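Examination of the molecular architecture
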Amino acid sequence: MRRRTRALVATAGLCGLALTAACGGGDAGSGETGSTTDGGSGEGEQITLTVATFNDFGYTEELLAQYTAEHPNVVVEHVLAARAEDARANLTTNLASGGEGLSDIEAIEVDWLAELLQYPDYFTDLSDPAVEGRWLESKVAAATTEDGRLLGYGTDVGPQAICYRSDLFAAAGLPTDRAEVAELLGGADATWDDYFEVGRQFVGASDSAWYDSAVSIYQGMINQVEFAYEEGDGTPVGLTNPEVREAYDAVLSASTDDGLSAGFEQWQEDWTAGFQNNAFATMLCPAWMQGPIAGNAAEVEGWDIADVFPGGGGNWGGSYLTVPAGGEHVEEAQALAEWLTSPEIQVQAFGNAGTFPSQVDAYENPDLTGATNEFFNDAPVGEIFASRSLAVDELGFLPYKGPNYFAIHQTVQDAILRVDVTGEQNAEDSWAAAEQAVADLGL
Amino acid sequence: MSVITPRPPTAQRPREATARRMGFRQRMGRWDVKVSPYLYISPFFILFAVVGAFPLLYTAFVSVHEWNLLGGQGEFVGLTNYRDVFAQPTFLKAIGNTFSIFALSSVPQVIAALALAAVLNANLRAKTFWRMGVLLPFIVAPVAVGLIFGRLFADDSGLVNALLTQVGLEPLGWHSDRLTSHIAIATMVNFRWTGYNTLIFLAAMQAVPQELYEAAIIDGAGRLRQFFSVTVPQLRPTIIFVIITATIGGLQIFDEPRLFDDQGLGGPSRNWMTVAMYMYDVGWGNQKNFGRAAAIAWLLFLIIIVVALVNFLVSRRIATSDSPRGAARLLARGSGDAGRTPAADATRPTTASKET
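Conventions used here
The residue count restarts for each chain, going from 1 along the sequence in the order it is written. The naming scheme follows written order: chains are lettered A onward, ligands numbered 1 onward. In keeping with the model being predicted, local features are shown solely for residues with a pLDDT of at least 70 and side-chain atom pairs are shown and tallied solely at 80 or more, while totals for entire chains, interfaces and linings include all residues. Side-chain figures throughout are based on the complete set of non-hydrogen atoms in the structure, without hydrogens or water. The helix count covers DSSP runs of H or I at least four residues long, the strand count covers runs of E at least two residues long, and both are numbered beginning at the N terminus. Accessibility here uses a 1.4 Å probe with only protein chains present; expressed as a share of the type maximum, an area under 20% marks a residue as buried, one over 50% as exposed, and anything in between as partly exposed. The contact criterion used is simple: two residues touch if any of their non-hydrogen atoms lie within 4.5 Å. With residues, only the protein chains shown are counted as cover, and all accessible areas are computed by Shrake-Rupley using a 1.4 Å probe. To estimate how far a helix should extend, the number of its residues minus one is multiplied by 1.5 Å. Buried area, as used here, totals the accessible surface that two parts lose on assembly, with accessibility defined by a 1.4 Å probe and the loss added over both. Counted as salt bridges are all cases of a side-chain nitrogen of Lys or Arg within 4 Å of a carboxyl oxygen of Asp or Glu. In protein, a polar contact requires one atom able to donate a hydrogen and another able to accept it; more generally it is a pair of N or O atoms within 3.5 Å, and residues adjacent in sequence count only if both atoms are side-chain atoms. Any residue outside Ala, Val, Leu, Ile, Met, Phe, Trp, Tyr, Cys, Pro, Asp, Glu, Lys and Arg is labelled polar, Gly included; the first ten of those are nonpolar and the last four are charged. Values of pLDDT, the confidence the predictor places in each residue, fall between 0 and 100. Patch definition: residues above 30% relative accessible area lacking any salt bridge, with like charges linked at up to 9 Å and the nonpolar side chains Val, Leu, Ile, Met, Phe, Trp and Tyr linked at up to 5 Å. Charged residues are defined here as Lys and Arg on the positive side and Asp and Glu on the negative side; His and the ends of the chain fall outside this count. For this purpose, a charge sits on NZ of Lys, CZ of Arg, CG of Asp or CD of Glu. Each axis is a line fitted through C-alpha atoms, and for a helix only the stretch in contact is used; angles between axes span 0 to 180 degrees, taken between their N-to-C directions. Roughly parallel means an angle under 35 degrees; roughly antiparallel means over 145; roughly perpendicular covers 65 to 115; every other angle is labelled oblique. In these notes, a set of buried Ala, Val, Leu, Ile, Met, Phe, Trp, Tyr and Cys residues joined through side-chain atoms within 4.5 Å is what counts as a nonpolar core. Ring geometry is summarised as follows: Phe, Tyr and Trp rings, the Trp one being its six-membered ring, pair when their centres sit within 6.5 Å, and such pairs are stacked at plane angles under 30 degrees, edge-to-face over 60 and tilted between the two. Here, a charge over a ring means that NZ of Lys or CZ of Arg falls within 6 Å of the ring centre while also lying within 35 degrees of the ring normal. By disulfide we mean two sulfur atoms from cysteines, separated by a distance within 2.5 Å.

A few words now on the overall build of chain B. Each helix and strand in chain B was counted, giving 17 helices and 2 strands. In chain B, buried positions account for 40% of the 356 residues. At a minimum sequence separation of 6, the contacts of chain B that also span at least 24 residues come to 65%. Taken as a whole, chain B presents about 19,600 Å² of accessible surface, with 67% of it coming from carbon and sulfur.

Before going further, it helps to examine helix H11 (residues 236–251) of chain B. The end-to-end C-alpha distance of H11 of chain B is 22 Å, a good match for the 22 Å that 16 residues give at a rise of 1.5 Å each. Taken as a whole, H11 of chain B has its buried residues at Arg-236, Thr-238, Ile-239, Ile-240, Val-242, Ala-246, Thr-247, Gly-250 and Leu-251 of chain B.

Turning next to the environment of Leu-95 of chain A. Examined against the element boundaries, Leu-95 of chain A turns out to sit in helix H4 (residues 84–96). Residue class for Leu-95 of chain A comes out buried when judged on its relative accessible area of 2%. Distance in space between the C-alpha atoms of Leu-95 of chain A and Arg-418 of chain A is 35 Å, their sequence separation being 323 residues. Residues in contact with Leu-95 of chain A, not counting those within four places in the same chain, are Leu-102, Leu-116, Tyr-122 and Phe-123 of chain A together with Leu-70 of chain B.

At the interface, 42 residues of chain B touch 37 residues of chain A. In total, chain B and chain A occlude about 3,300 Å² of area from one another, counting both sides; carbon and sulfur atoms represent 51% of this. When the buried surface of chain B facing chain A is broken down by residue, Leu-70, Pro-268 and Asn-286 of chain B rank first, second and third, together holding 21% of it. The closest approach of N and O atoms between Asp-414 of chain A and Arg-270 of chain B, which form a salt bridge, is 2.7 Å. Taken together, the links from chain B to chain A amount to 13 residue pairs in polar contact (both at pLDDT 80 or more). Mapped onto the side of chain B that touches chain A, the elements with two or more residues apiece are helix H2 (23–63), helix H4 (89–121), helix H6 (142–152) and helix H13 (275–284) of chain B. Sort the elements by how many residues they give to the side of chain B that touches chain A and H2 of chain B lands first, with 11 residues. Here the side of chain B that touches chain A is composed, by residue class, of 16 nonpolar, 16 polar and 10 charged.

A few words now on the confidence of the model for chain A. This prediction gives chain A a mean pLDDT of 86; 90% of its residues lie at or above 70. Contacts of residues 1–42 of chain A to residues separated by more than four positions or lying in other chains number 28 contacts, the stretch itself having pLDDT below 50.

Now for unusual backbone geometry. Of note in the backbone geometry, Asn-377 of chain A takes a positive phi value of approximately 55° without being a glycine. Mapped onto the fold, Asn-377 of chain A is located in the loop between helix H16 (366–369) and helix H17 (381–394). A positive phi angle is found at Ala-126 of chain B, which is not glycine, with a value near 50°. You can see Ala-126 of chain B is positioned in the loop between H4 and helix H5 (127–139).

Our next topic: a negative patch on the surface. A contiguous patch of negative charge on the surface is contributed by Asp-125, Glu-146, Asp-147, Glu-231 and Asp-233 of chain A. You can see Glu-146 of chain A is positioned in the loop between helix H6 (137–142) and strand E4 (152–165).

Right, let's get into the packing of helix H10 (residues 223–234) of chain B against H11 of chain B. All names here are of chain B. At their nearest, the axes of H10 and H11 sit 5 Å apart, and the two run at 60° to each other. Here H10 is positioned oblique relative to H11, judged by the angle of their axes. Side by side, H10 and H11 meet where Val-232, Pro-233 and Gln-234 of the first sit next to Arg-236, Pro-237 and Ile-239 of the second. Of the residues assigned to the contact of H10 with H11, the class counts are 4 nonpolar, 1 polar and 1 charged.

Here the focus is the nonpolar core. Residue and element names in this part refer to chain A. Ranked by internal contacts, the top residues of the largest apolar core, which has 50 residues, are Tyr-195, Phe-202, Trp-210, Ile-217, Tyr-218 and Tyr-229. If you tally residues by element for this core, the top one is helix H18 (residues 405–420), at 7 residues. Here Ile-217 is in contact with Trp-192, Tyr-195, Phe-196, Tyr-211, Val-251 and Leu-284, once residues within four sequence places are set aside. Core analysis: the next-biggest nonpolar cluster, separate from the first, contains 45 residues, Val-51, Tyr-59, Leu-102 and Val-110 among them.

Time to look at the pattern of salt bridges. All names here are of chain A. This structure, assessed with the given rule, holds 15 salt bridges over all chains. Across the pair Arg-149 and Asp-121 runs a salt bridge, and its minimum N-O distance is 3.4 Å. Of the two residues, Arg-149 is situated in the loop between H6 and E4 and Asp-121 in the loop between helix H5 (113–117) and H6; the sequence distance between them amounts to 28 residues. Arg-200 serves as the salt-bridge partner of Asp-258, at 2.5 Å between the closest nitrogen and oxygen.

Given two aromatic rings, their pairing is described by the distance between the two centres and the angle made by the two planes. Residue and element names in this part refer to chain A. Scanning the entire structure with this criterion turns up 53 aromatic pairs over all chains. Taken together through their ring pairs, the aromatic side chains of Tyr-164, Phe-169, Trp-192, Tyr-195, Phe-196, Phe-202, Trp-210, Tyr-211 and Phe-309 make up a single cluster. Above the face of the Tyr-320 ring, Lys-139 is positioned so that its terminal group lies 4.2 Å from the ring centre. Across from the ring centre of Trp-431, 4.7 Å away, lies the NZ or CZ of Arg-245, which sits over that ring.

This part covers the state of the cysteines. Residue and element names in this part refer to chain A. For the structure on display, the rule yields 1 disulfide over all chains. Between Cys-163 and Cys-285 runs a disulfide, and the two sulfur atoms are separated by 1.9 Å. Here Cys-163 and Cys-285 share a disulfide; its torsion about the S-S bond, 85°, makes the bridge right-handed. Linking Cys-163 in strand E4 with Cys-285 in strand E6 (residues 280–286), this pair joins segments that are 122 residues apart in sequence. Summarising the burial analysis for this pair, Cys-163 and Cys-285 share the class buried.

A cluster of nonpolar side chains, namely Tyr-38, Tyr-40, Ile-41, Phe-44, Phe-45 and Phe-48 of chain B, defines an oily patch on the protein surface of about 750 Å² accessible area. As for its placement among the helices and strands, Ile-41 of chain B is situated in helix H2.

Now for the environment of Val-62 of chain B. All names here are of chain B. Structurally, Val-62 can be placed in helix H2. Of the residues examined, Val-62 reaches a relative accessible area of 8% and is grouped as buried. With residues near it in sequence (within four places) discarded, Val-62 still touches Trp-67, Asn-81, Phe-290, Gly-291 and Ala-294.

The structure is reproduced here in structure tokens:
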């Protein structure tokens, strides 16, 4: 009896000592190795590949099961984060801690591509003759390092069009047909001045604002500037670029002096509510924005999409699939990523979630070209966004977003919000505050 | 002599023999006495060393290095990170915001919790229902609280502003005015934590000896007087505990202000960015600078210690300055024992009342 208690005490004490080392961590490592013998390239061997994405990539269970049907030895598991920010935090933290816990395929957004390109060794070089010419040139260029390594396979792009409320247009005496609206806004040579000018006409005849948010318009403009806040080699120039100041002034004078902005911050409560209150008549809408508009404006009739964008093409968002270098099944993961980003699968994903393909061949696929969106008055969205996507390529460049892009961009966004949304400051003071904020970054 | 001298060895020999035979068991027995108490308490200290002390020291180590989230450890830079942090006006603004939100939440919260606990301690109908009821907000996930209150406090479409305009007041800029935003965030915090503190106070109140109240009633004390002269002094250790935990929680506040708008950075002017949010932004946001983030973590740690100490001293004074009016204190003074703490006094009236 006594001996037994003592043994128990000893075990308990040892367990206490080894709490973190042994008594719980025993099965952490052995779980997976049991089913997947090391090496992992032999035929017929059963492996599980994990794919981490966010929001909605359109990778439904049926779509992933399709891959298992073609490759019986591979089971695909989907790890889904609700927001891109969550996926980003997860990815960077796991990379920082040595790659433990990363999925075999990690999706990344174009927004955080630049910061990851600084550390190419974390990722597998995916360049492969088999995928050459598959994507829009700009899509590939953005994910390629200086020494020619391709770090990600493009999934979707965010070509921007103009979404508008035909009923509000009609009430203000403007044309409502989507082709006429495209002409009204300047057609193929549309400029921001045209867009603001029609806006002034509109607000003169309506109670609604012309667009939802000044930041969104600024974003559209700055995405057409090749080197906004940094030189080509990544050297930050702060807010000294005159194009930045021009865009800032143009947006704010249109927004507040002319009253074109509804004064919302996107994704905020008031913005969401604004869809139901007829608060604004137009929005810059990348392909993936169709979903949020349809969701927020449920029951509201009259939304439509015009095949036009001020200043030429504009891209907002879009993602890539990367294969972290430290994974156990790098080769198989690359094969899966290649399959997932193939034109046929991307067209399926577009059907599932509205993510517009970045694959050139997909634009000839009848499933895509024939796609319409019932909510937007049956607009031929496949056709419209394909045309918008080519306009992005016609621009000849994608804006350079170096490692300091977002830190600086955010200071301007904040400055615009202070004038457009909260009304704390006038444009001049807010600009000075932004300059101070850039100085604080200590770049 | 010759008979006696060999005796001790013979007396010792069998003992030595057994000692040699049972050497291991004996040694184990010795260890049992000496070591096992430490083993019994070791889990706490090991856990503390692993999850408390080590991160603390490692954070200090990180804070004196250049350290990028992805790039990893860089050069040793001494106190540069601390200097950089102080050079950023956002840091000072964040400290101001944190204290403002802390004051707006913790003070009303503790007072309200105390009052609520007093009500719940009374002889109510459906006691358990009310007691569980106050804890309900606490089990709502902070994210849900953020979403719900975000909707309530929306500037144009929010219910709160709709009510204000209904009664003829000007709508408030919940996201544009600094103090107003702090009030909105403090409301979220109070919503979640008041009930939790109430239950702690309630538990402590139920441990207050009934005799104290009887004595107070005999002395002619009304309800309010009983509350301030008996209940509050008796709760002193609990009040100090609640204030200290509220201080720690209040100064580390993160969830509610982060969920107050979509960007989670405290608004365009960082009007409601707290120190914890600032730390997160520096470490994981655009700067990706772990060195600076670690420096902020240490500064926050020091601030919390200082504030907790100040709070401790102040709350001790408040509770003791109350107690001379308390029944317990009066009894204690009667016996000439002025230096006793009310907690120690608690036993005294029990015996005193038994004697009467």
